[in-house]
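Residue-level structure breakdown
Spelled out, the chains give:
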Amino acid sequence: MGRTLAGKIWDAHVVRSAEGEPDLLYIDLHLLHEVTSPQAFDGLRAASRKVRRPDLTIATEDHNVPTTGITGPGIPAPLYGPGSPFTDPVSRTQVEALRKNCAEFGVRLHPMGDADQGIVHVIGPQLGLTQPGLTIVCGDSHTSTHGALGALAFGIGTSEVEHVLATQTLPQQRPRTMAITVNGALPEGVTAKDLILAIIAKIGTGGGQGYVLEYRGAAIRALSMAGRLTVCNMSIEAGARAGLVAPDDVTFEYLEGRAHAPSGASWEAALDYWRTLPSDADATFDHEVILDAGTLTPYVTWGTNPGQALPLASSVPDPDSFADPAARAAAERALAYMDLKPGMALRDIAVDTVFVGSCTNGRIEDLRAAAAVLRGRHVAPSVRMLVVPGSMAVRAQAEQEGLDAVFTAAGAQWRSAGCSMCLGMNPDKLSAGERSASTSNRNFEGRQGKGGRTHLVSPEVAAATAVTGHLAAPADL
Amino acid sequence: MEPFVTHAGRAVPLRRSNVDTDQIIPAEYLKRVSRAGFGEGLFAAWREDPSFVLNQPQYAGATILVAGTDFGTGSSREHAVWALTDYGFRAVIAPRFGDIFRGNSTKAGLLPVVLPEAAVIALQDAVEADPGTEVVVDLDNRVVLAEAAGIKAPFEIDDYTRWRLMEGLDDIGLTLRHVDDITAFEHSRPSWLPVTA
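All values reported here derive from a predicted model rather than from experimental measurement.

**Some details on the overall build of chain B**
When helices and strands are tallied, chain B shows 8 helices and 8 strands. Seen through its principal axes, chain B has C-alpha atoms that stretch 65 × 40 × 25 Å. Counting only residues that meet the buried cut, chain B has 45% of its 197 residues in that class.

Spelled out as structure tokens, the structure:
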């Protein structure tokens with residue numbers, strides 16, 4: 001019987017398998033950041049253990065870092081003194097702990113200001129470290145992003161981070177597989193972000209639990225690597241730890257020539273292997289969901305979980321329209337928190353803040369899309385707009401293309417790389433009661449700052465919303 | 001890790017679905033570099049509401065949380081588990097859990113118990129009617145009991161995880177018993193795989 005992509009990667013990484021036990025899975029690449037690693041390093045020290053494979057481990061500073069006051073790229077920012085961007089000593093302590101731990105245990109680190117610093121899920125693919133067929137983990141749920149290149153990549157907790165540091169393996173139960181088949185073609189003006197929001201709305205925030213999702217079909221094959229990264233990134237918002245797209249020519253073209261991609265004879269050997277990875281024609285999935293891309297339009301969220309999304313052209317739903325009592329109660333709570341009334345047109349929702357960035361939509365293609373909408377236009381006076389590149393390399397590329405000038409001419413703020421306003425751990429936050437249109441991945445209560453209200457959108461919708469001051473698509477301008 | 005065999009205590013009904021880990025412990029609390037003291041951040045935003053269930057005196061000292069479906073979705077932050085255990089919880093009962101949260105719980109000595117929605121609602125009803133109701137989470141026999149309310153709800157958990165929790169075993173120690181297998185595997189890896197060094 002044929003095997004799935006996920007099954008092939010799994011089988012190739014089983015170190016040990018025993019009846020009644022989880023498989024012991026080898027991990028090819030371990031990504032670290034400052035938030036979920038300090039307690040893991042403490043655990044190693046307490047047990048006098050080393051990092052088994054520092055050469056398969058890489059760290060970056062992203063969650064806590066300010067996105068202003070950084071001089072780079074190429075000039076690492078100091079923790080203390082006049083050149084330090086930190087205003088929060090607690091954040092600084094956490095970043096300092098990462099620097100000390102990486103120095104002590106011999107782990108490569110890209111600090112703030114470094115030319116290769118950025119959000120962990122942006123720099124992995126960018127450096128060519130993320131490759132088809134690998135197993136990749138990180139103490140961050142958006143590790144699913146790396147599945148866009150055909151790697152089995154999933155988020156783990158700090159105890160598991162410590163386990164991987166010490167052993168380069170993880171005991172894991174073999175996951176079930178779900179095919180998400182997207183037929184047809186996305187209409188003009190409909191993006192990968194709209195597609196994944198529509199998928200999550202369809203299967204629900206828990207629909208993917210226990211599964212690895214494999215995105216398939218003509219609409220997925222037609223996506224750029226940036227689009228695939230956006231789709232896989234939000235697999236976790238459907239409850240799935242991992243999402244995958246089979247490697248193809250888009251993948252190979254993306255990787256060729258990157259710093260850590262194989263070259264010469266190794267490239268040919270790698271290609272031969274990568275071409276064996278796609279799911280066999282007779283492979284069976286435990287579950288399949290089918291969508292027609294041609295029916296999709298721009299999507300936005302109205303509630304407080306990513307499954308609470310609708311086409312921009314529709315209205316805030318009436319909680320009474322939900323048959324399931326739990327969904328009804330969740331909708332009631334969400335509308336109260338979001339301060340929205342049933343029946344209100346989504347296009348009438350006014351925002352204070354627009355955020356373009358994050359591991360979901362902080363790549364160069366996302367910035368180009370937002371800039372294309374803003375060129376020759378201006379951000380509404382009532383709106384502040386932050387544009388935060390996902391990495392310093394993205395920032396440098398954008399500046400080379402003149403995108404920074406488009407953003408600043410439009411009245412948006414042009415920042416340094418980091419997680420920024422995605423998660424309220426650094427100075428970029430919403431205040432209580434403020435409302436954003438955000439290209440990030442979570443609209444949870446308080447996610448972008450205590451009391452803040454979030455509408456998840458694509459970069460194109462974010463830019464159009466910044467211009468009009470209320471939720472809008474470029475076609476509305 | 002503290003072993004978990006059976007636990008008897010009082011329970012708190014949290015009648016909300018989709019309780020994501022950002023609600024369990026907001027990001028602002030994640031800046032600490034130790035594992036201690038996260039209980040003060042547990043449900044920090046919701047606890048500002050005096051009527052929130054954890055603020056109700058009849059549930060003070062409860063050690064079992066009975067929540068709606070999809071508990072612990074979202075962020076992988078194990079701090080959510082540390083917040084619950086630091087606050088005093090030993091078990092969380094829900095119809096479904098976020099995968100990463102569930103895994104993190106079993107690494108940190110918090111027992112996630114999956115029960116059918118009807119059983120969860122029956123437990124919530126019972127502890128609302130009488131907050132003093134004793135709830136027993138028996139991992140050994142894989143059953144949740146609230147005898148005073150006539151509730152006996154069996155649950156499933158795989159043998160391996162149950163054994164690890166009951167013994168309070170350290171996963172790393174278990175894995176390192178197989179270090180020769182790991183080394184042998186490493187010798188078989190293709191030479192073109194990426195390295196960060």
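Moving on, there is more to tell.
**Some words on the packing of helix α13 (residues 364–374) of chain A against helix α16 (residues 459–468) of chain A**
Residue and element names in this part refer to chain A. Between α13 and α16, the least distance of the axes is 8 Å, while the angle of their chain directions is 30 degrees. The angle between the axes of α13 and α16 places the two elements in the roughly parallel class. In the crossing of α13 with α16, the sense of the turn from one axis to the other is right-handed. Residue-level inspection shows Asp366, Ala369, Ala370, Val373 and Leu374 of α13 in contact with α16, the latter providing Pro459, Glu460, Ala462, Ala463 and Ala464. Partitioned by chemical class, the residues of the contact of α13 with α16 number 8 nonpolar, no polar and 2 charged.

**Some remarks on helix α2 (residues 38–46) of chain A**
Residues lying three or four places apart along an α-helix face the same way, a consequence of the helix completing one turn every 3.6 residues. All names here are of chain A. The set of residues buried in α2 consists of Pro38, Gln39, Ala40, Phe41 and Gly43. Elements that come into contact with the buried residues of α2 comprise α3 (89–105) and α5 (158–167). Of the residues flanking the end of α2, it is Ser48, one or two places downstream, whose phi is positive at about 55 degrees.

**Let's talk about the interface of chain B and chain A**
At the interface, 47 residues of chain B touch 66 residues of chain A. Contributions of two or more residues to the side of chain B that touches chain A are made by α1 (21–24), α4 (99–107), α6 (159–167), α7 (171–176) and α8 (179–188) of chain B. In terms of residue count, α4(B) provides more of the side of chain B that touches chain A than any other element does, 5 residues in total. Taken together, the residues of the side of chain B that touches chain A break down into 17 nonpolar, 16 polar and 14 charged.

**Remarks on the confidence of the model for chain B**
Across chain B, the average pLDDT comes to 97, with 100% of residues at 70 or higher. Predicted complex metrics record ipTM = 0.97 and pTM = 0.98.

**A look at unusual backbone geometry**
Even without being a glycine, A:Asp339 presents a positive backbone phi close to 55 degrees. Mapped onto the elements, A:Asp339 comes out in the loop between α11 (325–338) and β15 (353–356).

**Notes on the pairing of strand β5 (residues 111–114) of chain B**
Residue and element names in this part refer to chain B. Bridge analysis of strand β4 (residues 91–94) against β5 gives 4 bridges, and the strand direction is parallel. Pairing of Ala91 across the sheet is with Leu111, part of β5. In the classification by handedness, the crossover that spans β4, the intervening α4 and the parallel β5 is right-handed.

**Let's talk about the environment of B:Leu169**
All names here are of chain B. Positionally, Leu169 belongs in the loop between α6 and α7. The sequence separation of Leu169 and Ala80 amounts to 89 residues, and the corresponding C-alpha distance is 21 Å. Look past the residues within four positions of Leu169 in its chain and what remains in contact with it is Arg164 and Leu174.

**Observations regarding the environment of A:Thr130**
Residues and elements named next belong to chain A. For Thr130, the location among the structural elements is in the loop between α4 (120–126) and β6 (135–138). A residue is classified by how many C-beta atoms lie within 10 Å of it, and Thr130, with 30 of them, is buried. As a C-alpha pair, Thr130 and Val95 span 35 residues in sequence and 24 Å in three-dimensional space. Ignoring sequence-local partners within four residues, the contact set of Thr130 consists of Gly124, Pro125, Ile136, His146, Leu149 and Ala151.

**With respect to the pairing of strand β7 (residues 143–146) of chain B**
Residues and elements named next belong to chain B. Across the two faces of β7 the burial differs, with Val144 and Ala146 buried and Val143 and Leu145 not buried at all. Here strand β6 (residues 135–138) runs beside β7; their pairing, made up of 3 bridges, is antiparallel. Looking at the pairing, Val137 lines up with Val144 of β7. What sits between β6 and β7 in their antiparallel hairpin is a turn of 4 residues, with Arg142 showing a positive phi close to 55 degrees. Pairing of β7 with strand β8 (residues 151–154), which is carried by 4 bridges, proceeds in the antiparallel orientation. When the sheet's bridge partners are listed, Ala146 is paired in β8 with Ile151. Between β7 and β8, which pair antiparallel in sequence order, lie 4 residues; one of them, Gly150, sits at a positive phi of approximately 70 degrees.

Rules used in this analysis
Residues numbered from 1 in each chain as written. Chains lettered and ligands numbered in written order. Predicted model: local features only at pLDDT ≥ 70, side-chain atom pairs only at ≥ 80, totals over all residues. Helix = DSSP H or I, 4+ residues; strand = E, 2+ residues; numbered from the N terminus. Buried ≥ 20, exposed ≤ 12 C-beta atoms within 10 Å, placed from the backbone. Axes fitted to C-alpha atoms, helices over the stretch in contact; angles between N-to-C directions. Parallel < 35°, antiparallel > 145°, perpendicular 65-115°, else oblique. Left-handed = near helix turned anticlockwise from the far one by under 90°. Contact = placed C-beta atoms within 7 Å. Nonpolar A, V, L, I, M, F, W, Y, C, P; charged D, E, K, R; others polar. pLDDT = per-residue confidence, 0-100. Pairing = 2+ DSSP bridges. Right-handed = clockwise from strand over helix to strand, strands pointing away.

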